[in-house]
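Here is what each chain is made of, one letter per residue.
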Amino acid sequence: PSGDAGTAFFPTDWETRYAEVRDCRRSPDHDLAYIRVFASPEAEATYTTRTGDFAEGAILVKPEYADDLCTDLTGFTAMRQTAGSWEFQETDATGRVLGTDTLRCYGCHTSSCGVPPDGYMGTCALP
């Protein structure tokens, strides 16, 4: 990650304001952390139905955990839709921005998660 990148894409009360759209599971990437996925109201329907386009401002938050019960939070990665593309961000467990690595994230998310069956619009949203 590159230095400080400003404010986190997601609110501190993400767990109550956003819908959980993927339950606890091991991620095939993200250093093989255990993850959950939460979607902002603008992202929820598109993510869950895998139809239509993500609205500008739609946010997906992926809390990452050290354990298979998803209780030991280690950090977050987040995606935000802007003008038909995704911005990516990494934060620590408190939400402090560690950086953005859009090129690395974008490369993986477009090559591995661009179209079904491997994903939907770069989200790695396997059914």
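Residues numbered from 1 in each chain as written. Predicted model: local features only at pLDDT ≥ 70, side-chain atom pairs only at ≥ 80, totals over all residues. Heavy atoms only, no water.

> For this particular structure, what's the right way to read the nonpolar core?
Inside soluble globular proteins, nonpolar side chains tend to come together where they are buried. In this structure, Phe 10, Trp 14, Tyr 18, Ile 59 and Val 61 are the most contacted members of the largest nonpolar core, which totals 14 residues. By residue number, the principal contributor to this core is strand S3 (residues 59–65), which donates three residues. In this structure Trp 14 touches Phe 38, Pro 63, Tyr 65 and Phe 76, once residues within four positions along its chain are discounted. Listed in part, the twelve residues of the second largest apolar core include Val 37, Ala 39, Tyr 47 and Leu 60. (Core = buried A, V, L, I, M, F, W, Y, C linked by side-chain atoms within 4.5 Å. Buried < 20%, exposed > 50% of the residue type's maximum accessible area, 1.4 Å probe, protein only. Helix = DSSP H or I, 4+ residues; strand = E, 2+ residues; numbered from the N terminus. Contact = heavy atoms within 4.5 Å.)

> I keep staring at helix H2 (residues 41–49) and nothing clicks. Help me out?
Since there are 3.6 residues in each turn of an α-helix, residues three or four apart along the chain are aligned in direction. For H2, the set of buried residues is Ala 43, Thr 46 and Tyr 47. Across the axial projection of H2, the buried residues extend over an arc of 100°, all falling on one side. On its buried face, H2 sits against strand S1 (19–26), strand S2 (34–39) and S3. Directly after H2, the chain includes Arg 50, whose backbone phi takes a positive value near 60°. (Arc of directions from axis to C-beta.)

> Which parts of the structure should I look at to understand the pattern of salt bridges?
Any two side chains of opposite charge can pair, given that their charged atoms come close. Within this structure, the stated rule accounts for six salt bridges. Its salt-bridge partner being Arg 17, residue Asp 13 comes within 3.6 Å of it at the nearest N-O pair. Between Arg 36 and Glu 15 there is a salt bridge whose closest N-O contact spans 3.2 Å. Taken together, the residues Arg 36 in strand S2 and Glu 15 in helix H1 (residues 14–17) connect sequence positions 21 residues apart. You can call Glu 15 partly exposed: its relative accessible area is 43%. (Salt bridge = Lys/Arg side-chain N within 4 Å of Asp/Glu carboxyl O.)

> Which parts of the structure should I look at to understand the sheet that holds strand S4 (residues 73–82)?
Either a parallel or an antiparallel arrangement is found when strands of a sheet pair, and the pairing is made through backbone hydrogen bonds. Reading across the sheet, the six strands line up as S1-S2-S3-S4-S5-S6 and stay open at both edges, with antiparallel pairing between neighbours. Each edge of the open sheet carries a strand with a single partner, namely S1 and strand S6 (97–99). Neighbour-to-neighbour, the strand axes of the sheet open up by a mean angle of 25°, direction not taken into account. The pairing of S3 with S4 spans seven bridges and is antiparallel. Bridge pairing links Glu 64 to Gly 75 in S4. Relative to the sheet, H2 contacts S1, S2 and S3, its axis offset from that of S1 by approximately 60°. (Pairing = 2+ DSSP bridges. Axes fitted to C-alpha atoms, helices over the stretch in contact; angles between N-to-C directions.)

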